[in-house]
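A look at the structure
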Amino acid sequence: MSAREMNMEQPINILIVDDEPKNLTVLESILDSPGYRLVRADSADKALLALLDEEFALLILDISMPGMTGFELAQMIKERKKTALVPIIFLTAYYNDDQHVIEGYDTGAVDFLHKPVNATVLRSKVAVFADLHRIQRESAVVNRALLAEMKERRNAEISLKELNEVLEQRVIERTEALHELTAKLTEADRHKDEFLALLAHELRNPLAPIRYGVQLMRRSENAGESGGSVDDKVLDMLERQLGQMVRLVDDLLDNSRISQGKLTLQKQRIELATVLSEAVETSRPHINAGGHQLTVVMPPDPVFIEADGTRLAQVFSNLLNNSAKFTAPGGRIQLAAEVRGHDIVVSIKDTGVGISSEKLPRIFEMFMQADHSLEKTHGGLGIGLTLVKKLVEMHGGAVEAKSEGHGKGSEFVVRLPGAVLQALKTPPAKNKSVLSADDTSDRSSDGLRILVADDNQDAANALATLLKIMGYQVRTANDGLQAVAEATESLPDVILMDIGMPRLNGYDACRRIRELAGGENVFLIALTGWGQDEDKQRSKEAGFNRHMLKPIDIAALQKLLSEASPSNKERPAGYHLNS
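To start, this report covers the structure provided alongside it. (Residues numbered from 1 in each chain as written. Predicted model: local features only at pLDDT ≥ 70, side-chain atom pairs only at ≥ 80, totals over all residues. Heavy atoms only, no water.)

As for the nonpolar core
- Counting residues in hydrophobic clusters, the biggest one holds 41 residues, and the most contacted among them are Phe316, Leu319 and Val346.
- At the level of elements, helix H9 (272-289), strand S8 (303-307), helix H10 (309-325), strand S9 (332-340), strand S10 (343-350), helix H11 (384-394), strand S11 (398-402) and strand S12 (410-417) are the ones that each hand at least two residues to this core.
- It is H10 that provides the largest number of residues to this core, a total of 7 residues.
- Counting 28 residues, the second largest nonpolar core, distinct from the first, contains Leu216, Leu448, Ala460 and Val474. (Core = buried A, V, L, I, M, F, W, Y, C linked by side-chain atoms within 4.5 Å. Buried < 20%, exposed > 50% of the residue type's maximum accessible area, 1.4 Å probe, protein only. Helix = DSSP H or I, 4+ residues; strand = E, 2+ residues; numbered from the N terminus.)

So, in structure tokens, the structure goes:
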């Protein structure tokens, strides 16, 4: 049996003091337990002798005793070094006023109970101090063992020091420095993850009004009057750069969520062509901006895989964006997919700047950049490839980087398990392009009444103006209470609700709106910078139909609004979709 186990089985000493034997008998009956050793004392003098002779975890002390009162005995106990830390619970049938209670605590008591004692309360309080004493006793045993071990090690160190003092000193110094650095690094890594998550959230708020502003400029009737093509080029440039900022924020947040174990995959059976088509459409603006030639090679038959389609599209989009960024204008990019055994192998090869041999082994590390020169022409934080590696590995796959060196291009190969081939029986349908803002401009708004609630007034006003131009009836609110008041006055069809608002947050505002007459039929969309799984779950529990991240994509929003239209009879009340 270990010293710890022996310590846990050893009973706890408790001293009970009362000049009435029957009271002592009652206390013994209440506290009867194999884990306690009860010692009786019917006077203050006998209690002092017992305290000098043995160690006690707790003293249960009657106040009113002949000769020396419980208060006087407690004062003496606290003045002696050996017994000063023994906790005291006073018992009394007479001292009930505040002055006596204060006097009891002044003498060092930890509790003050009145007779007749409530057995359950007393047992509970005694159990707390007994457990505390066991912990202290176990700590003392451990400390003694540690002290003994430290003493042995010290003697060994002294002997070694006598043999080679200089060498020993160097070992000690370097060991201490290494230990100190390893704590610091762990703490820095934790703060880094927290910072990235917070940074990503905070960046979403200013991005929202910027995106809405760009859409307003594009949709404005006067946009083309000052030159048309020039304005369109400026708007295209702004949208590309804004898209790059959004992807940067998403990559920061996703890296942080993976590091903290908060990102989960939503797997389903999905066709590879669908995933790659989405990735290509997402990266198309960057590829076109560089004037690159993109070649796509697919297997002859459909290929299916159990995967999170959104995350895989993010993987291949990041790799395509990387090729577009590091390939000179007019370069070539090839996306090729094939089935090898039961694996899907997707490669993205370019004619870009390539990767040096010393940087190649570390290309997937966080914040790693291939070009650190003062003249570097390619920006970025070096987090996109890190995210690619993490997401691929979460799917049970692997990713590899290849390059013959500077100026000779690069190739990234993703291998994913679980490929399923399906013989082609009917001609494949044409891939649908991702909707742009202009694709939705002619859709009917069906007279939808929309409430935009956001404490960021720039974001609220910009989004409201954009929705009005699109033909919707729009009102705004800048805090949760105002949103509830607006909904109460005129119940809208759709509410776009920020979560972090003053006076009343979005979750509580949603719950109140659901309680209004007809509130169960309102289409409520949580519009927020927080997008982790627990945030989506909270919005669902609060009653939101949809959880969308800032800055919202206008085409996606208008598509969603078409689902919320009163003319859409298929939508069940209160249904919820996560994005």
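Focus on the sheet that holds S11
- The strand order S7-S9-S10-S12-S11 describes an open sheet built from 5 strands, whose pairing is mixed. Edge positions in the sheet fall to strand S7 (293-297) and S11, since each has one partner strand and no second. On average, each strand axis in the sheet is tilted by 10° relative to the strand beside it, whichever way the strands run.
- Examined bridge by bridge, S10 and S12 share 8 bridges and lie antiparallel to one another. Note that in S12 the partner of aspartate 350 across the bridge is serine 410.
- Contacts from H9 reach S7, S9 and S10 within the one sheet, and its direction differs from that of S9 by about 170°. (Pairing = 2+ DSSP bridges. Axes fitted to C-alpha atoms, helices over the stretch in contact; angles between N-to-C directions. Contact = heavy atoms within 4.5 Å.)

Focus: the packing of helix H3 (residues 44-53) against helix H4 (residues 70-79)
- The N-to-C vectors of H3 and H4 enclose an angle of 20°; their axes lie 10 Å apart at closest approach. Put simply, H3 runs roughly parallel to H4. Crossing of H3 against H4: the hand is right-handed. In this structure, H3 contributes Ala44, Ala47, Leu48 and Leu51 to the contact, and H4 contributes Leu73, Met76 and Ile77.
- Residues belonging to the contact of H3 with H4 are distributed by class as follows: 7 nonpolar, no polar and no charged. (Parallel < 35°, antiparallel > 145°, perpendicular 65-115°, else oblique. Left-handed = near helix turned anticlockwise from the far one by under 90°. Nonpolar A, V, L, I, M, F, W, Y, C, P; charged D, E, K, R; others polar.)

Some details on the packing of aromatic side chains
- One pass over the full model with this rule turns up 3 aromatic pairs.
- Here phenylalanine 90 and phenylalanine 112 contribute two aromatic rings whose centre-to-centre distance is 6.2 Å and whose plane-to-plane angle is 65°, an arrangement assigned as edge-to-face. Here the residue phenylalanine 90 occupies a position in strand S4 (residues 88-92), and phenylalanine 112 occupies one in strand S5 (residues 109-114), the gap between them amounting to 22 residues.
- Ring geometry for phenylalanine 364 and phenylalanine 412: centres 6.0 Å apart, planes at 85°, overall edge-to-face. Here phenylalanine 364 is found in the loop between S10 and H11, whereas its partner phenylalanine 412 is found in strand S12, with 48 residues between them in sequence. For the pair phenylalanine 364 and phenylalanine 412, one class covers both residues: buried.
- Here the aromatic residues Phe71, Phe90 and Phe112 are joined through ring pairs into a cluster of three or more.
- Between arginine 269 and the ring centre of phenylalanine 304, over which it is positioned, the NZ or CZ distance is 4.3 Å. (Phe/Tyr/Trp six-rings, centres within 6.5 Å; stacked < 30°, edge-to-face > 60°. Lys NZ or Arg CZ within 6 Å of the ring centre and 35° of its normal.)

Let's talk about the pattern of salt bridges
- Per the counting criterion, the structure on display carries 19 salt bridges.
- Residues glutamate 486 and arginine 475 are paired through a salt bridge, measuring 2.9 Å at the closest nitrogen-oxygen approach. With glutamate 486 in helix H13 (residues 480-489) and arginine 475 in strand S15 (residues 473-477), the pair connects residues that are 11 residues apart, well separated along the chain.
- Residue classification places glutamate 486 among the buried positions, given a relative accessible area of 15%.
- Assessed through its relative accessible area of 35%, arginine 475 is described here as partly exposed.
- Aspartate 498 is the partner of lysine 550 in a salt bridge, and the nearest nitrogen-oxygen pair spans 3.3 Å. Taken as a pair, lysine 550 in the loop between strand S18 (546-549) and helix H16 (554-564) and aspartate 498 in the loop between strand S16 (494-497) and helix H14 (506-515) lie far apart in primary sequence, 52 residues in all. For the pair formed by lysine 550 and aspartate 498, the shared burial category is buried.
- Shared partners join several salt bridges into a network, and the residues in it are Asp18, Asp62 and Lys115. (Salt bridge = Lys/Arg side-chain N within 4 Å of Asp/Glu carboxyl O.)

Structural notes on the sheet that holds strand S1 (residues 12-17)
- Strand order in the open sheet made by the 5 strands is S2-S1-S3-S4-S5, with parallel pairing throughout. Two strands in the sheet have a free side with no partner beyond their single neighbour: strand S2 (36-41) and S5. Adjacent strand axes in the sheet meet at a mean angle of 20° when their direction is disregarded.
- Pairing analysis gives 4 bridges linking S1 to strand S3 (residues 58-62), with the strands arranged parallel. Note that in S3 the partner of isoleucine 16 across the bridge is isoleucine 60.
- Along the sheet, H3 contacts S1 and S2; its crossing angle with S1, the most-contacted strand, is approximately 165°.

Regarding unusual backbone geometry
- Cis geometry marks the peptide bond from lysine 115 to proline 116, where omega comes out at -5°.
- Structurally, proline 116 is set in the loop between S5 and helix H6 (119-163).
- Here arginine 503, not a glycine, exhibits a phi torsion of approximately 70°, which is positive.
- With respect to the element layout, arginine 503 can be found in the loop between S16 and H14.
- The exposed category is assigned to arginine 503, whose relative accessible area is 61%.

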